Amino acid sequence: MLGQFTRGLVSVASAMTQPKTAGLLLTSRLYHEKVVEHYDNPRNVGSFDKDDPTVGTGLVGSPACGDVMKLQIKVDENTGKIVDTCFKTFGCGSAIASSSVATEWIKGRQMEEVLTIKNSDIAKHLSLPPVKLHCSMLAEDAIKAAVKDYQKKKAKREDNNSSPPDGQATVVG
Amino acid sequence: MATAAAVAVVGDDDHSGGGSGGGREGEGVMMKGVHMAGRPLYLDMQATSPVDPRVLDAMLPYYMDQFGNPHSRTHMYGWESDEAVEKAREQIAKLIGANAKEIIFTSGATEANNIAIKGVMHFYKDKKKHVITTQTEHKCVLDSCRHLQQEGFEVTYLPVRKDGLIDMEELKAAIRPDTGIVSIMTVNNEIGVIQPMAEIGEFCRKNKVFLHTDAAQAAGKIPISVDDMKVDLMSLSAHKIYGPKGVGALYMRRRPRVRVEAQMSGGGQERGIRSGTVPTPLAVGMGAACEIAMEEMEHDEKYIKELTDRLYKGITSQLDGVIVNGSLEHRYVGNLNLSFAYVEGESLLMGLKEVAVSSGSACTSASLEPSYVLRALGVEEDMAHTSIRFGIGRFTTKEEIDRAIQLTVDQVQKLRNMSPLWEMVQEGIDLKSIQWAQH
């Protein structure tokens, strides 16, 4: 009789664990498929020449924090459009995905436009849980840093090219 | 074992790209957004271990028809249950060189640690106000000490050396006339380091201070004798040595006697130290696991050492920038805690989804702090983020190790290609010279 009872119990138990309930288990603690996808197939991994005048490099984060992102943009000088992007990231899956998404979104856009990208957009796109929001924050910082670096380089070049007003030494070519 | 099936399924994958085993529609397992070809290889033996089939065999009768409460004095169900519990007690005692009367069943090593530390200090609180422990102890020991601090006791957390071992001089300097207990774990769960218990025991005995050790990761794996180690209290856990989860034991020396204040009030079971019905099937399981461990310890150690060496050589022959955390000499063979420079731990784990291992990385703990054990070793913060702990056990196979090597090397190489730190190092830049932009 005990045997019958336990057999019944086992069949009830297995019925209760059917996949029907699995859909309700999508809590914030799972890796969103998009994050895993970006990890498995990251877009735009690579490096541009830092010294190339059309390249802006943003390096943010620190190894001590466990997150370092290097995001680079190649800008068309005349139109101010970002024609190519690449990134390298030392960080968790969410950090890699955030920077990968960032490079995707800014490709083909104007520099001023990409400064409006918010970390919350990236976080929403990847369904990042609260504990990973700082990864998207860092990606936003990386975009801004890359743009700033390009603009700084451009300004410096223009500064060097323009003739100095008050007799400073110039390179006579 | 079941994990061999995962190896067989994953084995005929193409090795293009970094992802292995994912992408086959309709097959495999989908969990937490991650697709896997089958169940992952289990290499996390420090977290828990599979129940040995022989242990399960020993336990089943006590779930089926011999289900009596061991404290029922009036009928056969109780007597046979009690007999089984006492036999298990004997088996556990034999493993550590103790007397059966000195073994108390608990719900696990955490409870045993609580009883030992809080129980001893509460009992002797009139004369003893001071506790000594280490910075690398298990959370339950550290939390019990913190609890005592809130009650007004004083606690010294001894630092450890770079190799994870304590410095005897520090211990000697820390001891006071009002020190009630010293608690130092025998084998560390994160880095596998073995402390010099005999030396520590000698010192504590001479100074008449109780010595407690958390031997959850040690008993059944390395030879242990409570008399050689001169310990007064020892915590044991069943599910670390192929036994069931939910049961552990506390060894309490009788000569000279250790007294504790009970943490559980109730019917006075287990000599009044731990009230509550002793779960017979679990106790039987723990006893069986201990007996098997005692008989097979030598063989297990030899077998596991071979696999660990294979894993270590396999990885380091294909990758550089790999560091072992903790002493290589004084170490349990089944624990290999490696740091992979310039690669972050959680991202490595994501790539190693076909291998079940754990990491000392911040991202994998609930807080964003990297492992406190690695920090205590003086591991630099960026390296603490890169550690992976491989746990090898009795049922690990050579094929699993080879697959783990292949997966680890592939993923580390992929992540290094994606890492700005690796790129900078290749260019000859000294990372320490960089001014990082904090956010």
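What you see is a predicted model; the values in this text were computed from it and never measured. Numbering of residues begins from 1 in every chain and follows the order in which that chain's sequence is written. Chains carry letters and ligands carry numbers; both start at the beginning, A for chains and 1 for ligands, and go up in the order they are written. The predicted origin of the model limits local features to residues at a pLDDT of at least 70 and limits the giving and counting of side-chain atom pairs to 80 or more, whereas totals for whole chains, interfaces and linings rest on all residues. Based on all heavy atoms of the structure, the side-chain values leave hydrogens and waters out of the count.

Enquirer: Explain the overall build of chain A residue by residue, including any values.
Expert: Note on conventions: DSSP H or I runs of at least 4 residues are helices, E runs of at least 2 residues are strands, and numbering of each starts at the N terminus. The number of helices and strands found in chain A is six helices and three strands. Sequence-ordered secondary structure for chain A, helices as α and strands as β, is α-α-β-β-β-α-α-α-α. In this analysis, two residues are considered to be in contact whenever any of their non-hydrogen atoms come within 4.5 Å of each other. Considering only contacts within chain A whose residues lie at least 6 apart along the sequence, 62% involve residues at least 24 apart. Calculation of accessible area relied on Shrake-Rupley with a 1.4 Å probe; when residues are assessed, cover is drawn exclusively from the protein chains displayed. Total accessible area on chain A is roughly 9600 Å²; 57% of this is exposed by carbon and sulfur atoms.

Enquirer: Run through the interface of chain A and chain B, naming residues and quoting values.
Expert: Residue-level contacts link 35 residues of chain A with 35 residues of chain B. Buried area adds together the accessible area that both of two parts lose upon being put together, with accessible area traced by a 1.4 Å probe. Both sides of the chain A and chain B interface together cover about 3200 Å² of buried area, and 64% of this is carbon and sulfur. One side-chain nitrogen of Lys or Arg within 4 Å of one carboxyl oxygen of Asp or Glu is enough to make a salt bridge. On inspection of chain A and its partner chain B, the count reaches four salt bridges. A salt bridge links Glu346(B) to Lys132(A); the shortest N-O distance between them is 2.8 Å. Pairing of N or O atoms within 3.5 Å defines a polar contact, subject to two protein rules: one partner must be a possible hydrogen donor and the other a possible acceptor, and residues neighboring in sequence count only if both atoms are side-chain atoms. Where chain A packs against chain B, one counts 13 residue pairs in polar contact (both at pLDDT 80 or more). Within the residue set of the side of chain A that touches chain B, elements represented by two or more residues are helix H2 (33-40), strand S1 (55-62), strand S2 (67-75), strand S3 (82-90), helix H3 (93-106) and helix H6 (133-161) of chain A. Broken down by element, the residue count for the side of chain A that touches chain B peaks at five residues, all from H2(A).

Enquirer: Would you mind going over unusual backbone geometry in detail, with residue names and values included?
Expert: All names here are of chain B. Pro256 follows Arg255 through a cis peptide bond whose omega is -5°. Although it is not a glycine, Tyr242 sits at a positive phi angle of roughly 65°. As for its position among the elements, Tyr242 is in the loop between strand S9 (233-237) and strand S10 (248-252). Relative accessibility thresholds used throughout: buried, under 20% of the residue-type maximum; exposed, over 50%; partly exposed, between the two (1.4 Å probe, protein chains only). Looking at Tyr242, the relative accessible area reads 5%, which means it is buried.

Enquirer: Could you give an account of the environment of Pro40(B), naming the residues involved and the relevant values?
Expert: All names here are of chain B. In this fold, Pro40 is placed in the loop between strand S2 (34-36) and strand S3 (41-42). For Pro40, a relative accessible area of 26% translates into the label partly exposed. Placed 317 residues apart in sequence, Pro40 and Val357 show a C-alpha to C-alpha distance of 9.5 Å.

Enquirer: Account for the pattern of salt bridges, naming residues and giving values.
Expert: Tallied over the entire structure, the rule returns 32 salt bridges over all chains. Arg43(A) is paired through a salt bridge with Glu104(A); the nearest N and O atoms lie 3.1 Å apart. With Arg43(A) in the loop between H2 and S1 and Glu104(A) in helix H3, the pair connects residues that are 61 residues apart, well separated along the chain. With a relative accessible area of 35%, Glu104(A) lands in the partly exposed category. The partner of Asp402(B) in a salt bridge is Arg310(B), and the shortest N-O contact between them spans 2.8 Å.

Enquirer: Can you explain the confidence of the model for chain A? Please cite residues and give values.
Expert: As a note on interpretation, predicted positions should not be read in detail where pLDDT is low. The quantity known as pLDDT measures the predictor's confidence residue by residue, on a range of 0 to 100. Summing up the model confidence of chain A, the mean pLDDT is 80 and the portion of residues at 70 or higher is 76%. Summarising per-element confidence for chain A, the mean pLDDT is lowest in helix H1 (residues 2-16) of chain A (52) and highest in S3(A) (94).

Enquirer: Let's hear about the sheet that holds S3(A): which residues, and what values?
Expert: The strands that make up a sheet pair up through hydrogen bonds in the backbone, lying either parallel or antiparallel. Residue and element names in this part refer to chain A. What makes two strands pair is DSSP finding at least two bridges between them. Here we have three strands laid out as an open sheet, ordered S1-S2-S3, and antiparallel in their pairing. A single partner strand is all that each edge strand has here, and the edge strands are S1 and S3. Each adjacent strand pair in this sheet contributes to an overall mean axis angle of 10°, direction not counted. Both S1 and S2 contribute to a ladder of eight bridges, which runs antiparallel. Considered in S2, the bridge of Gly61 is made with Val68. Axis lines are fitted through C-alpha atoms, for helices just across the contact stretch, and the angle between N-to-C directions can take any value from 0 to 180 degrees. On top of the sheet, H3 reaches S2 and S3; it is set at about 175° to S3, its chief contact.

Enquirer: Residues and numbers for the packing of aromatic side chains, please.
Expert: Stacked, tilted and edge-to-face are the three classes applied to pairs of Phe, Tyr and Trp rings, where Trp contributes its six-membered ring and a pair requires centres within 6.5 Å; stacked means planes under 30 degrees apart, edge-to-face means over 60, and tilted covers the rest. If you walk through the whole model with that rule in mind, you get five aromatic pairs over all chains. Ring centres of Tyr242(B) and Phe395(B) lie 5.5 Å apart, and the angle between their planes is 90°; on these two criteria the pair is classed as edge-to-face. Here Phe395(B) lies in the loop between strand S15 (387-391) and helix H13 (398-417) and Tyr242(B) lies in the loop between S9 and S10, a separation of 153 residues in the sequence. This pair shows no difference in class: Tyr242(B) is buried, exactly as Phe395(B) is. Aromatic rings pair up to connect Phe123(B), Tyr124(B) and Phe210(B) into one cluster. A cation over a ring is seen here: Lys414(B) above Tyr39(A), with NZ or CZ 4.4 Å from the ring centre. Geometry around Trp422(B) places Arg416(B) over its ring, the cationic atom sitting 4.6 Å from the centre. Charge-over-ring contacts are defined here by two conditions on Lys NZ or Arg CZ: a distance within 6 Å of the ring centre and an angle within 35 degrees of the ring normal.

Enquirer: Hey, could you go over the side chain of His122(B) for me, with residue numbers and the actual values?
Expert: Residues and elements named next belong to chain B. Of note, His122 is situated in helix H5 (residues 109-123). At a separation of 3.0 Å, a polar atom in the side chain of His122 contacts the side chain of Glu261. For His122, the contacting residues outside a window of four places in its chain are Leu148, Glu151, Phe153, Glu261 and Gln263.

Enquirer: How would you summarise the pairing of strand S12 (residues 335-340) of chain B if you had to cite specific residues and measurements?
Expert: All names here are of chain B. The element S12 is largely enclosed, with a buried count of six among its six residues. Burial along S12 is two-sided: Asn335, Asn337 and Ser339 and Leu336, Leu338 and Phe340, pointing in opposite directions, are all buried. Two strands pair when backbone bridges link them, and S12 and S15 are joined in this way by five bridges, in the antiparallel orientation. Along S15, the bridge assignment pairs Ser339 with Ser387.

Enquirer: Before we move on, could you go through the environment of Thr116(A) and cite the residues and values that matter?
Expert: All names here are of chain A. Within the secondary structure, Thr116 sits in the loop between helix H4 (111-114) and helix H5 (119-126). Overall, the relative accessible area of 55% leaves Thr116 in the exposed class. Remark: the alpha-carbon pair of Thr116 and Glu140, spanning 24 residues in sequence, is separated by 9.2 Å.

Enquirer: Describe the nonpolar core, and please don't skip the residues or the numbers.
Expert: Here the nonpolar core consists of buried residues drawn from Ala, Val, Leu, Ile, Met, Phe, Trp, Tyr and Cys, with membership extended through side-chain atoms lying within 4.5 Å. Counting 130 residues, the largest nonpolar core has Ile73(A), Ile96(B), Met234(B), Phe340(B) and Phe390(B) as the members making the most contacts within it. With twelve residues, helix H9 (residues 280-316) of chain B is the single largest residue contributor to this core. Not counting chain neighbours up to four residues away, the residues in contact with Ile73(A) comprise Phe48(A), Thr54(A), Val55(A), Gly56(A), Ile82(A), Asp84(A), Thr85(A), Ile106(A), Met111(A), Ala146(A), Val147(A) and Tyr150(A).

Enquirer: Tell me what's going on with the state of the cysteines, and back it up with residues and numbers.
Expert: What counts as a disulfide here is a pair of cysteine sulfur atoms lying within 2.5 Å. Using the criterion set out here, one finds zero disulfides over all chains in the structure. We note that Cys135(A) lacks a disulfide partner, and the nearest cysteine sulfur, in Cys92(A), lies 3.7 Å from it. For Cys204(B), which is in no disulfide, the shortest distance to another cysteine sulfur is to Cys145(B) and amounts to 14 Å.

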